[in-house]
Amino acid sequence: MKTIILCLTFLFSSLVFAQTHSEVAELLKNKGLQDLQAYELLKDLISSVGTRLSGSEGYEKAVQWGKKQLELAGADSVWLEPVMIPKWVRGPVEKAEACVSGKTVELTICALGGTIGTPKGGVTGLVIEVHNFDEVKALGEKAKGKIIFYNRPFDRTKVNTGEAYGGAVNQRANGAIEAAKVGAIGVLVRTMTNALDDEPHTGMMRYNDTIMKIPAAAVSTIDANALSAMIAQEKNVSVTIQLSAKTFPDVPSFTVIGQITGSEKPNEIILVGGHLDSWDKGTGAHDDGSGVVHSIEVIRLIKFLKLKPTRTIRAVLFANEENGSRGGRAYAAFAKNTGEKHLAAIESDAGGFLPRGFGVSTDSIRFDKIRSYSSLLEIVGTEKIKKGGGGEDIGYLESLGTVMIGLNPESQRYFDFHHSNHDTIDKVHPRELEFGAIAMSILSWVLSQDGI
Ligand SMILES: [Zn+2]
C-alpha cells in the first residue's frame, strides 16, 4: 500500500512537473483574469502612496510598499538595494504670461524636471519660436536675452506614439542647453503629446555644467498654438516665466527587489521590472505604476500556481528612472558584482494598456527563439514579437549580454496622460492591465525553464 501511495505521489508530482508551456500559460491566464490583482495592487499604490518623485516622502513610502507587496506575493526573498538618488522639488510657483501690444495673456505651463528656478519676479524676454536646434544655432546673436520657444509638434503620421515622442523629445531634454549656448535666458517647450488640451506635461531636462543654466518649462499644446499665433501676428511678443523649482543634494534610497529563486540554476536570472518612482504630476498610474504592479503580479501568479522555475525569476522595482536613471545604473553595477548571469530582462514602462507583444533586442538566433513563443503568447493577444526593444532601466544590462525585452502595449492614449495630472487610475482598465502581467508571467516562465 505504502509503495502504491509513494508511486502515486511520484506520478502526481511528475505530472505537475511535466506541465507543458501551453498548460502553464493557460493556468496563468485563468488565475490572472480571475483575480485581476494587478489592478487591486495599483489601486492600493495610488491610494496609500500617491506620487513618488525621487527624493520625496512619497518615494520612501513606495519603497516600503513595494517591499511589503513582494513579500505578500510570496517572493522567496525580498531586499532593498541602496542607491543615491537626486532630489528636485517643483515648489509652488510655475507661471508664465505673454505680453503683446500691452495685453497680457496667461500661459498654462509647468516646470520641467530638473530646471532651476527663476528670480522672484521671473525672467522676461522677447520670445522666438523655433522647431529644431539648427534654427537655434542660426539665431546666433539674435538669441541673446531672449526666451526660446520650441514648438515642433509630435509627428501625427507615426502609428506608434512612442516614435513620435522620440522624434520630439530632444527639445525638452536638451533645449535649455542649446538655447543657452546662444545666450537665451529661458525656454518654453511645447508639451510632448498628440493631444490638443490645456495640460502641460513635465519630464526630464538636462544641463551641461560648462554652459549657463537657464529655466525651462513645458507649455500646454493649446497655449503653444496660441503663442505661435501671437508671434505670427505680432513681431514683439514678450514672455515672463516664474518658477520656484530647486535641486537639493542627493539622498540615499533604494531599488526594491524580490525573487523566486531558481530550483536548479539560481544564478541565472530572468528579470521583470518597472520603475517605482514617478513624476509629481498626476499619480503615475500608467507611468510606471503599471510596470510596478505587472512585475509584482508575475511573482504572485507563479508562486500561487506553485510553479518552481528552474532559473531565478526576479522582480525589480527600479529607483529614479524619471530624472536620473540612477536605479538602472546601480542595478547593472550590482549585477556585475554578484557574478550572476542575467539571461533576459523584461521591462514594462509603456503603460497599462492592452499589450500587443514584446520588442526584443538581441542577436538573430535568440530573437528567433523568443519569436517561437508567439503561439504561446497568442493566448493573451501578445504574440507580436518585434525587433528592437527594452527599456531605460534594463538598458544598462545590455553590456552584460542580457537579452533586452520591452512589453509593448497599445500606444495611442499613453502620451495623452504621460507625466501630467492626467495620469490617474481612472485611465487604467483592470483587464487590460492584467493582460500585461499575464504576458510577462508567461514569457518569464518559459525563459526560466528553457533558458536563452
Ligand atoms: Zn516611465
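Since the model is a prediction, treat every value here as computed from it, not as a measurement.

Examining the packing of aromatic side chains
- A full pass over the atoms with the stated rule returns 11 aromatic pairs.
- An angle of 90° between the planes, with centres 5.8 Å apart, marks the rings of Phe133 and Tyr150 as edge-to-face. Within this pair, whereas Phe133 is found in helix H5 (residues 133-139), its partner Tyr150 is found in strand E6 (residues 147-150), the two being separated by 17 residues in sequence. Here Phe133 matches Tyr150 in class, with each residue buried.
- Relative to Tyr165, the ring of Phe154 has its centre 6.4 Å away and its plane inclined at 70°; by these criteria the two rings are edge-to-face. On the criterion of sequence distance, the pair formed by Phe154 in the loop between E6 and helix H6 (161-168) and Tyr165 in helix H6 is long-range, its members being 11 residues apart. The residues Phe154 and Tyr165 share a single accessibility class, namely buried.

Describing the environment of Arg190
- Looking at the secondary structure, you find Arg190 in strand E7 (residues 186-190).
- With sequence-adjacent residues up to four places away left out, Arg190 is seen in contact with Tyr150, Asn151, Arg152, Pro153, Val219, Thr221, Ala224 and Asn225.
- There is a polar contact of 2.9 Å between the side chain of Arg190 and the side chain of Asn151.

Some words on the sheet that holds strand E1 (residues 77-89)
- Here eight strands make up an open sheet; going across it, the order is E1-E10-E12-E11-E13-E16-E14-E15 and the pairing mixed. Edge positions in the sheet fall to E1 and strand E15 (384-387), since each of these pairs with one other strand and no more. Going from strand to strand, the sheet's axes swing by 25° on average, the running direction of each strand aside.
- Bridge analysis of strand E11 (residues 265-275) against strand E12 (residues 311-318) gives eight bridges, and the strand direction is parallel. Note on E12: the bridge partner recorded for Gly273 is Val316.
- Seen against the sheet, helix H4 (residues 57-72) touches E1, strand E10 (246-260) and E12 and runs at an angle of roughly 0° to E10.
- Contacts between helix H14 (residues 430-450) and the sheet are confined to E11, E12, strand E13 (341-347), strand E14 (355-361) and strand E16 (403-409), with E12 contributing the most and set at about 140° to the helix.

Quick word on the coordination of the zinc ion
- Around the zinc ion, the protein supplies His275 (NE2), Asp287 (OD), Asp349 (OD) and Asp349 (OD) as donor atoms, at distances of 1.9 to 2.8 Å.
- In this structure, the zinc ion is coordinated by four donor atoms arranged in irregular fashion, with angles at the metal of 50 to 146°.
- In primary-sequence terms, the residues that donate to the zinc ion follow H-x11-D-x61-D. Pair noted here: His275 is in strand E11 and Asp287 is in helix H9 (residues 285-304), with a separation of 12 residues, a long-range link. Like Asp287, His275 is buried.

Focus on the domain arrangement of the protein chain
- Considered domain by domain, the protein chain is made up of domain 1 (19-85 + 249-450) and domain 2 (91-244).
- For domain 1 versus domain 2, the distance between C-alpha centres works out to 34 Å.
- Domain 1 puts 16 residues into the contact, and the matching count from domain 2 is 20 residues.
- Between domain 1 and domain 2, roughly 1,300 Å² of surface is buried when both sides are summed, and carbon and sulfur atoms account for 57% of that area.
- Where domain 1 touches domain 2, the interface holds one salt bridge.
- Run the count over domain 1 and domain 2 and you get seven residue pairs in polar contact (both at pLDDT 80 or more).
- Within the side of domain 1 that touches domain 2, the residues separate by chemical class into three nonpolar, nine polar and four charged.

Some thoughts on the nonpolar core
- Ranked by size, the top nonpolar core spans 68 residues in total, and within it Phe358, Ile405 and Leu447 carry the most contacts.
- A per-element tally of this core places H14 first, with 10 residues.
- Not counting the four nearest positions on each side in its chain, Ile405 is found in contact with Ala344, Ala345, Ile346, Glu347, Phe358, Gly359, Val360, Ile370, Gly390, Ile394, Leu443 and Leu447.
- Grouped together as the second largest cluster of nonpolar side chains are 33 residues, Ala164, Ala180, Phe353 and Phe415 included.

Observations regarding the pattern of salt bridges
- Summed over all chains, the structure comprises 21 salt bridges.
- With a closest N to O distance of 3.0 Å, Arg300 and Asp35 form a salt bridge. In this pair, Arg300 is assigned in helix H9 and Asp35 in helix H2 (residues 21-35), connecting sequence segments 265 residues apart.
- What makes Arg300 buried here is its relative accessible area of 16%.
- Look at Asp35 and you get partly exposed, because its relative accessible area is 24%.
- In this structure, the salt-bridge partner of Lys43 is Glu40, at a minimum N-O distance of 3.6 Å. Placement of both Lys43 and Glu40 in helix H3 (residues 37-48) is noted, with a separation of three residues, approximately one turn of the helix.
- With a relative accessible area of 37%, Lys43 lands in the partly exposed category.

Some remarks on helix H10 (residues 326-338)
- Taking 1.5 Å per residue as the helical rise, H10 with its 13 residues ought to reach 18 Å, and the 18 Å between its terminal C-alpha atoms agrees with that figure.
- When we look at burial in H10, the residues that qualify are Gly327, Gly328, Tyr331, Ala332, Phe334 and Ala335. Relative to the axis of H10, the buried residues are bounded by an arc of 160° and lie together on one face. For H10, the exposed residues set more than 90 degrees away from the buried face come down to Lys336 and Asn337.
- Buried positions along H10 lie against E1, E10, E11, E12 and E13.
- Phi turns positive, to about 75°, at Gly339, one or two residues after H10.

Rules used in this analysis
- Residues numbered from 1 in each chain as written.
- Predicted model: local features only at pLDDT ≥ 70, side-chain atom pairs only at ≥ 80, totals over all residues.
- Heavy atoms only, no water.
- Phe/Tyr/Trp six-rings, centres within 6.5 Å; stacked < 30°, edge-to-face > 60°.
- Helix = DSSP H or I, 4+ residues; strand = E, 2+ residues; numbered from the N terminus.
- Buried < 20%, exposed > 50% of the residue type's maximum accessible area, 1.4 Å probe, protein only.
- Contact = heavy atoms within 4.5 Å.
- Polar contact = N/O pair within 3.5 Å; in protein donor to acceptor, adjacent residues only side chain to side chain.
- Pairing = 2+ DSSP bridges.
- Axes fitted to C-alpha atoms, helices over the stretch in contact; angles between N-to-C directions.
- Donors = N, O, S within 2.8 Å, 3.2 Å for Na, K, Ca; no water.
- Tetrahedral: all angles 85-135°; square planar, octahedral: opposite > 155°, others 65-115°.
- Domains from an automatic or database assignment.
- Buried area = accessible area lost by both parts, 1.4 Å probe.
- Salt bridge = Lys/Arg side-chain N within 4 Å of Asp/Glu carboxyl O.
- Nonpolar A, V, L, I, M, F, W, Y, C, P; charged D, E, K, R; others polar.
- Core = buried A, V, L, I, M, F, W, Y, C linked by side-chain atoms within 4.5 Å.
- Expected span 1.5 Å × (residues − 1).
- Arc of directions from axis to C-beta.

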